[in-house]
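# Residue-level structure breakdown
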Amino acid sequence: MWIGLLTLATALHGGSPALSPSAAAFGYLLASAGTFGAMGRSSGILLFYLLGALVWVWPDPRVFVGAVILVAYAAVEHRRALAKFPPATRSIDSLVMAAAGRPAMGWPFEVLSPTGPRAPKRRLRGLAIGGLIGGWIYAGANGGIADIMFKGVEDFELLPSHSVPVAMGVIGLILAVQRLGRFCAGYPWSLGLLGRYGTGRWIDASYDVVFVAPFVSVVGGTALPWVLREPLNFSLSATIALTFVFLFWVSEDWGPTSADWHLTGGHRIAPPMAGGVGVSVKA
Amino acid sequence: MIDVVNVTHHYGVRPVLRDVSLHIDRGEVVALMGPNGMGKSTLLGIMAGILAPYRGHVEIHGRRRRRTPEEELAIRQEVVYLPAEAWLPKGRTPREWLPAVGRLWGIDDERLFEHTERLLNLFDLEKEADSPIESLSGGQRKKVALGAALIVEAPVMFLDEPFSGGLDPSGIAALRKVLQSLAARDDITIVMATPVPELVEGLADRIAIILDGRVTVCDTLDGLRRIAGVEGPLEMVYERLVSPESSRKIESYFGGKQP
């Protein structure tokens, strides 16, 4: 799609002949960035960022120079990635079982093992992803391909601004739900609503800390665009971009990490609802 | 060394454990006994880390459960928990799965493969070793689960009703001998919940009796005999301590005549 867009942009601008090879290189770089990302290499995110810079300067002929440099970088990075092939990722079988809420190694052996949940090292991953999405949106809206990316919208800034808080609030809600799913699937609260009522302990901090980031994600996703647009008078594209940065920062980087919470939170570790076999024959 | 410190736990509004404290020395075998629904499995689950107590905490070898990730991971390296109803991956075979569990605890591959064969032999599972777990009977699955608890070679074992779940007599005898052998070592601590006094006698160093969410007594068999004022097997002592009315109830059931 991007190659098509960029080639179209070249044609529309009657740009230099350097733009078409740049567009082809763009496709290669996009696929390379996806490959590096899938292998868990941070160069994937870096490459996505730099591609955003290409979008920003498009159709300036300097894009050709940038594309050549990035192709060289990607070639080197491919060699590095191949040297560490296969990457140290979990097996597909294990991922499928985990996605289905079924510990691949049985319950409770896997969830209580010393090689259980580990904290990811990439502490600012959310900020990087949010910056990436926000950067692309901003570059797309204000860079050289804005007229194609938003064809049909006469002016990006004329999009109804009151709808943005709602849309970003929905995105915040989606991120909140996926974070809650990642944290709480298989780890329900130890003290349920009835227990809280019975004991008078309405807030169980050791468990309820898990709700902080999702709450901020939903509220912030709705409130931040309004604050940026109305009192601070940010442009619409900058507002959307910054809200994306904020949402991913909150939902990915705010503590506790899922590994820390799974190890120390005030939850119970529940058996799987389905799949696997129990010890008794009826299971 | 295991310290259970003032643990209270609720299920909904119902208190299951009430201010339970218990000290277990390294190398001890302690059996948790008591009627159904009195909190044995809950206490074991809290010690094993599957449940977070409402109040109180558990320390194992000086480290507190769920305080920091580092402490928790260090505890997990030394602990294995076998619930009464473990879940096993149905598509795996015992010969595949047992070493896989051992790897989670970082046991050396060579030792794992050798230990797996010994466990399969111990529990008479050689013929089923390469069959999917889902095709095994309930008792055979229990043996595989017990094998998983043993293969990790953890110095602290929490076993919830290890003798139940359809184990055949030879399986019960084999497990009992294995636990007796482990109990003889002074570096293995075993805490198990079981409702069967006969299986505990001669195996447990101390027996903790749980009634209404409280550890009412935790002592050696001789100590329990003194407290109950009864000489004889644990079954009689247990009956006197836990349900002194049971003889009268049985007599009442049979219309005033002793069966």
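Once that is clear, we can look at the environment of Leu136 of chain B. All names here are of chain B. Mapped onto the elements of the fold, Leu136 is located in the loop between helix H4 (109–122) and helix H5 (138–151). Residue classification places Leu136 among the buried residues on the basis of a relative accessible area of 4%. Sequence separation between Leu136 and Gly56 is 80 residues; the distance between their C-alpha atoms is 40 Å. Setting aside residues no more than four positions away along its own chain, Leu136 makes contact with Pro94, Glu128, Ser131, Arg141 and Val144.

Ranked by internal contacts, the top residues of the largest apolar core, which has 61 residues, are Trp97, Leu179 and Ile207 of chain B. Considering each element in turn, this core owes the most residues, 7 residues, to H5 of chain B. If we skip the residues at most four places from it in the chain, Ile207 of chain B touches Ala31, Met33, Val200, Val217, Cys218, Asp219, Leu221, Leu224 and Leu234 of chain B. Formed by 39 residues, the second largest nonpolar core is a distinct cluster that contains Leu112 of chain A together with Val4, Leu22 and Ile24 of chain B.

Residue and element names in this part refer to chain B. Pairing is mixed across the open sheet formed by 6 strands, whose spatial order is E6-E8-E9-E3-E10-E11. Both outer strands of the open sheet, strand E6 (79–82) and strand E11 (214–219), are each paired with one neighbouring strand and no more. Across the sheet, the mean angle separating the axes of adjacent strands is 15 degrees when strand polarity is ignored. In the sheet, strand E8 (residues 156–160) pairs with strand E9 (residues 189–193) via 5 bridges, with the strands oriented parallel.

Residue and element names in this part refer to chain A. Taking 1.5 Å as the rise per residue, helix H2 (residues 19–38) with 20 residues should run 28 Å; its terminal C-alpha atoms sit 28 Å apart, in good agreement. Within H2, burial applies to Leu19, Ser22, Ala23, Ala25, Phe26, Gly27, Leu29, Ser32, Ala33 and Phe36. The first or second residue beyond H2 is Gly40, which carries a positive phi of 80 degrees.

Describing an aromatic ring pair means giving the distance of the ring centres and the angle of the ring planes. Residues and elements named next belong to chain A. In this structure the tally under the stated criterion is 11 aromatic pairs over all chains. For the pair Trp189 and Tyr207, a centre-to-centre distance of 6.0 Å together with 55 degrees between the ring planes defines the contact as tilted. Taken together, the positions of Trp189 in the loop between helix H8 (163–184) and helix H9 (193–199) and Tyr207 in helix H10 (residues 205–208) put the pair 18 residues apart, joining distant regions of the chain. Judged by relative accessible area, Tyr207 falls into the buried class, the value being 4%. Pairing Phe244 with Phe248 gives two aromatic rings, centres 6.4 Å apart and planes at 25 degrees, and the pair type is stacked. Of this pair, Phe244 and Phe248 both sit in helix H12 (residues 236–253), 4 residues apart, roughly one helical turn. Classification of Phe244 as buried rests on a relative accessible area of 12%.

Before going further, it helps to spend a moment on the packing of H2 of chain A against helix H4 (residues 62–83) of chain A. Residue and element names in this part refer to chain A. Orientation of H2 relative to H4, taken along the N-to-C sense of each, is 30 degrees, at an axis distance of 9 Å. Considered as vectors, H2 and H4 are oriented roughly parallel to each other. Crossing angle aside, the handedness with which H2 passes H4 is left-handed. Contact with H2, carried on its side by Leu19, Pro21, Ser22, Ala25, Tyr28, Leu29, Ser32 and Phe36, involves Val63, Phe64, Ala67, Leu70, Val71, Ala74, Ala75, Glu77, His78 and Ala81 of H4 and no other residues of that element. Looking at the contact of H2 with H4, its residues break down into 14 nonpolar, 3 polar and 1 charged.

All names here are of chain B. The strand order E2-E1-E4-E5 describes an open sheet built from 4 strands, whose pairing is antiparallel. The open sheet has two edge strands with one neighbour each: strand E2 (14–24) and strand E5 (63–64). As paired elements, strand E4 (residues 55–60) and E5 share 2 bridges and run antiparallel to each other. When the bridges of E5 are listed, Glu59 appears paired with Arg64. In the packing of helix H1 (residues 40–48) onto the sheet, the strands contacted are strand E1 (2–11), E2 and E4, and the crossing angle to E1 comes to about 125 degrees.

Under the definition given, this model contains 21 salt bridges over all chains. Of the charged contacts, one joins Glu77 of chain A and Arg80 of chain A as a salt bridge, the two residues approaching to 3.2 Å between their closest N and O atoms. Of this pair, Glu77 of chain A and Arg80 of chain A both sit in helix H4, 3 residues apart, which is roughly one turn of the helix. Given the relative accessible area of 47%, Arg80 of chain A is considered partly exposed. Residue Glu78 of chain B is joined to Arg63 of chain B by a salt bridge in which the shortest nitrogen-to-oxygen separation is 3.7 Å.

In this assembly, 41 residues from chain A lie in contact with 45 residues from chain B. Carbon and sulfur atoms make up 64% of the surface buried where chain A meets chain B, a total of about 3800 Å² over both sides. The interface formed by chain A and chain B includes 0 salt bridges. Contributions of two or more residues to the side of chain A that touches chain B are made by H9, helix H13 (258–264) and strand E1 (277–278) of chain A. In terms of residue class, the side of chain A that touches chain B is made up of 18 nonpolar, 16 polar and 7 charged.

Conventions used here
- Residues numbered from 1 in each chain as written.
- Chains lettered and ligands numbered in written order.
- Predicted model: local features only at pLDDT ≥ 70, side-chain atom pairs only at ≥ 80, totals over all residues.
- Heavy atoms only, no water.
- Helix = DSSP H or I, 4+ residues; strand = E, 2+ residues; numbered from the N terminus.
- Buried < 20%, exposed > 50% of the residue type's maximum accessible area, 1.4 Å probe, protein only.
- Contact = heavy atoms within 4.5 Å.
- Core = buried A, V, L, I, M, F, W, Y, C linked by side-chain atoms within 4.5 Å.
- Pairing = 2+ DSSP bridges.
- Axes fitted to C-alpha atoms, helices over the stretch in contact; angles between N-to-C directions.
- Expected span 1.5 Å × (residues − 1).
- Phe/Tyr/Trp six-rings, centres within 6.5 Å; stacked < 30°, edge-to-face > 60°.
- Parallel < 35°, antiparallel > 145°, perpendicular 65-115°, else oblique.
- Left-handed = near helix turned anticlockwise from the far one by under 90°.
- Nonpolar A, V, L, I, M, F, W, Y, C, P; charged D, E, K, R; others polar.
- Salt bridge = Lys/Arg side-chain N within 4 Å of Asp/Glu carboxyl O.
- Buried area = accessible area lost by both parts, 1.4 Å probe.

Geometric values such as these leave the question of function open.
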